[in-house]
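# Summary of structural features
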Amino acid sequence: MSTHLVVYYGIGILATFVSAGMVFWTCLRRNRIIPRWLLMVLLAFPTYVVVAQILKFQSLHMYADFSHWLQVVYNIANRWVPGSLNADFLIPGIQNYFSVHFVPLIYVFGVMYKMLPFPETLLVLNGVLMLSSALPMYLLAKRLVGHRLGLIAAVLLLWYPTFQYITLYEFEMLRFSIPVILWMLYFWEKKRMLPFSIFLVLALLVREEVSLVIAFFGIHLLFVEGARVRGALIMVVGISYFAAVVSVVMGAFSPFQHYTYTAITGFTSFGATPFEVVKSVLMHPLSAISLIFNPIKVANVAMYVIPLLLAPLFAPSVLVSALPNVGVVLLSAAATNSSYMLYYLAPTIPFLFYAFLRAWPRIATVLSGKMPEVSRVQVESAMMGAMLSGIVVANVFFGPSPIALQFWNHNLQTAPFRTQNFNWSEYRVTDHHRKADMFVRLIPDDAIVSAEQFLVPKLFQKKGTMIFPQLESVDGKYKAEYVFIDKSNPVKTGIATVPGSWDGLRENPQFYYDWIEKDPRRWELIKADDGYELYRRRS
C-alpha cells in the first residue's frame, strides 16, 4: 500500500472515531434524540445502488464476472443447466458451474430471467434482495434491544461500506448469505424453529462454504448458549453438508474421474484437499501465521469493525461463527480476498452485526456506570448518535456512495484495484458506450468471441467468450471465431492464460492488437467505428 493511502486511511479512521465522540458528548449534554425523518432519509438513500449498477453495466464498467453469471443464468433459463463455456476456456472441465461452486439458489435468478430476459433483471433483483437485508436486521435488533435501535441497526447495515461495495460489485451468490443468515438469526432469537430451519437450509444452498459458518454457529450455540442438542445437530449438519457437497456432489458435475475442488487452488501451499489443508495448518502453524498476519490482510480485517466503532469486539463469543470464513480468507494466497471492498467475507457480516447487538447492552451498562448522573436512556441515545456519525463518516472516507470522497475526486481510489472505481464518471453513459450494442448484433449467437474485459458482459448470449488476447481455449478445443476490441478504452486487463498480457495489454495494447490487425490472411475486419473493431476469423 502506498504511503499516501496509509496517511489517507489514518486520517479517515481518526475522523470516524473523533466525529463519533463529538456527537456522543453533544447528544449527551443536550439530551438530543435522533429525529425520525433523518432515519427515514438514511434508510432510503442506499437505494442508489440499483440505479448505479444499471448505469455501470450500460457504461461498460462491468467485466468478466458479470459476463460469467449472465451466461450461467441464460443457460439455466434456456436449458436448465448452470453452464458457462467461458469458464471452460480457462480451466477445462468446469463448464458446469456446480463443479466450481455449488450454488443451487442461482436457479431462482434463472427463473426470473426467463420471465424477464434482460441483464438488468439480475441487477435489480440483486439490489432488491440486498436492500431487503434491512428488514431482518431491524427485526433482530428490535427483538434484542428495542425498536429505536432496530431502526439504527438497519441504517448501519445499509450504510456499512462493505455492504455497499458487495452490492455494487457486478454479481455473485455469496452476498446473499447476508439477508438469509440475518433471517436465520432472527428466527433463532424468536425460537421459531420451522422458519429458522428453512433459512438455515437456504443458507447452505447459497454456496458450499457457508455450511462451515453454519457449523460454527452450531458450536456457538452448543458451548456458549447452552443449546446442546440443537447446537450439536446444527454443527453436524454444517460439517456433513460441506463434506458431502465437496467430496461427492460437486464431483458429479465434473467430467473428470478424479475431481479436485477448484477453490482449493488458493491453498496449494498447504494441500490439495480441504482435509490436507486443515492437517497442514495444524502441523505447520508458523507457515499459517505468516500468511494470516500479512499487513494488508490485517488492515482489511480491521476495516470490517472500524465503521462499527469496534463494538462487535465486545461480544467475541458471537464472532466464533465467523471463524471459518475469516480463517479461509486469511489463509488464502490471494491477499485481495480479504479486501473489505470485495464479497469474500459476506457470510461474516451478519455475525458482526449480531455481535454488535449483543455487545450493545454491555457497552451501555459500562458507560452508564461511569456516568451515574445521566440516565441510561440518555446514554443509549448518545450511543446511537455516535454510531450513526461513525458509519456516515466512514462512508465518506471509505465507502462508494455519492457522499464518498472518491465519488467526486477522480484521482482518489481507496484501493489499487484496476477495475474497481467508484467515481461518478463510471456511471456516465455516452454515445460511444451505446455503439457497442451495434457491434454485438453483428455477431451470430452461436459464435465464440474473444473480447476485451469491459465488452464481455454484452456478449453473454453468444456461445462463449474469451478474454482478449486469448484466442484459443487452454486445451485447444475451442478457437475464437470473432474478435471484438475497443482501442479507445483505457481500461486494459489481459488474461492469465496469455503470459504477460495481464499488464502487457495495458502497457502496450498495440502489441496484442497487431496479432489481429497485421494478420489479414486469418482475420477479416467486419466493422470499425469510434475505436471499436470487429474481426471475423477467415475459414
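Below or above, wherever it landed, is the structure these notes cover. Since the structure is predicted, the reported quantities are computational estimates derived from the model, not experimental observations.

## Notes on the pattern of salt bridges
Summed over the entire model, instances satisfying the criterion amount to 16 salt bridges. Of the charged contacts in the structure, one is a salt bridge between Lys-462 and Asp-445, with a shortest N-O distance of 3.0 Å. With a gap of 17 residues between them, Lys-462 in the loop between strand E1 (448-451) and strand E2 (464-467) and Asp-445 in the loop between helix H22 (431-440) and E1 connect regions that are remote in the sequence. Accessibility expressed as a relative area gives 7% for Lys-462, which makes it buried. For Asp-445, a relative accessible area of 46% puts it in the partly exposed group. Put simply, Glu-517 and Lys-487 hold a salt bridge, and the shortest N to O gap is 2.9 Å. Linking Glu-517 in helix H24 (residues 509-517) with Lys-487 in the loop between strand E3 (482-486) and helix H23 (501-507), this pair joins segments that are 30 residues apart in sequence. Among the residues examined, Glu-517 registers a relative accessible area of 25% and is labelled partly exposed. Among the charged side chains, a salt-bridge network with shared partners connects Glu-189, Glu-225 and Arg-358.

## Some points on a positive patch on the surface
Side chains of Lys-142, Arg-143, Lys-190, Lys-191, Arg-192 and Arg-230 sit close together on the surface and give a patch of like positive charge. Considering the arrangement of structural elements, one finds Lys-191 in the loop between helix H11 (177-190) and helix H12 (193-206).

## Looking at unusual backbone geometry
For the bond from Phe-468 to Pro-469, the omega torsion is 15 degrees, close enough to zero to count as cis. In this fold, Pro-469 is placed in the loop between E2 and E3. Phi is positive for Trp-80, which is not a glycine, with a value near 60 degrees. As for its position among the elements, Trp-80 is in the loop between helix H4 (64-79) and helix H5 (85-90).

How each quantity is defined
Residues numbered from 1 in each chain as written. Predicted model: local features only at pLDDT ≥ 70, side-chain atom pairs only at ≥ 80, totals over all residues. Heavy atoms only, no water. Salt bridge = Lys/Arg side-chain N within 4 Å of Asp/Glu carboxyl O. Helix = DSSP H or I, 4+ residues; strand = E, 2+ residues; numbered from the N terminus. Buried < 20%, exposed > 50% of the residue type's maximum accessible area, 1.4 Å probe, protein only. Patch = residues over 30% accessible without salt bridge, like charges linked within 9 Å, V, L, I, M, F, W, Y side chains within 5 Å. Areas by Shrake-Rupley, 256 points an atom, 1.4 Å probe, with all protein chains shown as cover. Lys, Arg positive; Asp, Glu negative; His and termini not counted. Charge placed at Lys NZ, Arg CZ, Asp CG, Glu CD.

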